[in-house]
Amino acid sequence: MSSSYTSNSGIELIPTGAQVGTWGSTTNTNFQIIDRAVNGVGTIALTGTTYSLDTSDGALSEGQYNVLVFTGTPGGACTVTINPSDQQKTFFINNSSDQDVVLTQGSGGDVTISAGKTGI
């Protein structure tokens with residue numbers, strides 16, 4: 001039987017009897033994902049006007065952080081697209097960049113965090 005993944009954080013759900021002798025590596029990655037979701041602060045340096053914030057199944061990724069600090073000089077408002085688009089997340093945002101950050105999942109409900117401001 002193959003693994004499945006949680007729908008929002010990408011934690012690998014190992015079926016009973018799978019990954020014999022190697023489950024420790026997967027479990028450690030899962031605990032790191034949990035730590036990011038609960039306490040994690042990720043810093044993302046923006047260099048352009050678009051950015052993809054991805055959550056990967058079974059691997060560490062920026063979309064798993066609870067707090068996101070955006071830095072950099074993107075040269076204009078930066079649209080940050082949350083992928084996959086069906087993620088249900090709450091992010092605490094610190095926009096330390098010199099431009100507005102617009103968070104989107106592709107259709108409606110976009111949130112803009114002005115330069116130098118914070119938001120949820």
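Residues numbered from 1 in each chain as written. Predicted model: local features only at pLDDT ≥ 70, side-chain atom pairs only at ≥ 80, totals over all residues. Heavy atoms only, no water.

Moving on, we come to the overall build of the chain. In terms of regular secondary structure, the chain is built from one helix and ten strands. Helices and strands appear in the chain in the N-to-C order β-β-α-β-β-β-β-β-β-β-β. Once the C-alpha set of the chain is aligned to its principal axes, its extents read approximately 50 × 25 × 20 Å. By sequence separation, contacts in the chain at least 24 residues apart represent 57% of the contacts at least 6 residues apart. As presented, the chain carries roughly 6600 Å² of accessible surface, and 50% of it is formed by carbon and sulfur atoms. (Helix = DSSP H or I, 4+ residues; strand = E, 2+ residues; numbered from the N terminus. Contact = heavy atoms within 4.5 Å. Areas by Shrake-Rupley, 256 points an atom, 1.4 Å probe, with all protein chains shown as cover.)

The subject of this paragraph is the layout of surface pockets. Leftover empty space is mapped by rolling, across the atoms, a probe with the size of a water molecule. Its volume calculated, the largest pocket comes out at about 240 Å³. Lining the largest pocket are 15 residues; nearest its centre among them are Ile82, Lys89, Phe91, Leu103 and Val111. (1 Å grid on protein atoms, 1.4 Å probe; cavity = no way out; pocket = protein on both sides within 12 Å on 5 of 7 lines; lining within 4 Å. Points joined across faces, edges and corners; volume = space filled by probe spheres on them.)

Quick look at the side chain of Asn95 now. Along the polypeptide, Asn95 turns up in strand S7 (residues 92-95). Contact partners of Asn95, with chain neighbours within four places excluded, come to Phe70, Asp100, Val101, Ile113, Ser114, Ala115, Gly116 and Lys117.

One finds Leu53, Leu68, Phe70, Val80, Ile93 and Leu103 to be the most contacted residues of the largest nonpolar core, which totals 14 residues. When residues of this core are assigned to their parent elements, the largest contribution, three residues, is made by strand S6 (residues 78-83). (Core = buried A, V, L, I, M, F, W, Y, C linked by side-chain atoms within 4.5 Å. Buried < 20%, exposed > 50% of the residue type's maximum accessible area, 1.4 Å probe, protein only.)

All right, on to the sheet that holds strand S8 (residues 101-104) then. Spatially, four strands are ordered S4-S6-S8-S9 in an open sheet, and the strand pairing comes out mixed. In the strand order of this sheet, the two ends are held by strand S4 (50-54) and strand S9 (111-113), each with one partner. With strand direction ignored, the average angle separating the axes of adjacent strands in the sheet is 25 degrees. Note: S8 against S9, three bridges, orientation antiparallel. Among the inter-strand pairings, Leu103 is bridged to a residue of S9, identified as Val111. (Pairing = 2+ DSSP bridges. Axes fitted to C-alpha atoms, helices over the stretch in contact; angles between N-to-C directions.)

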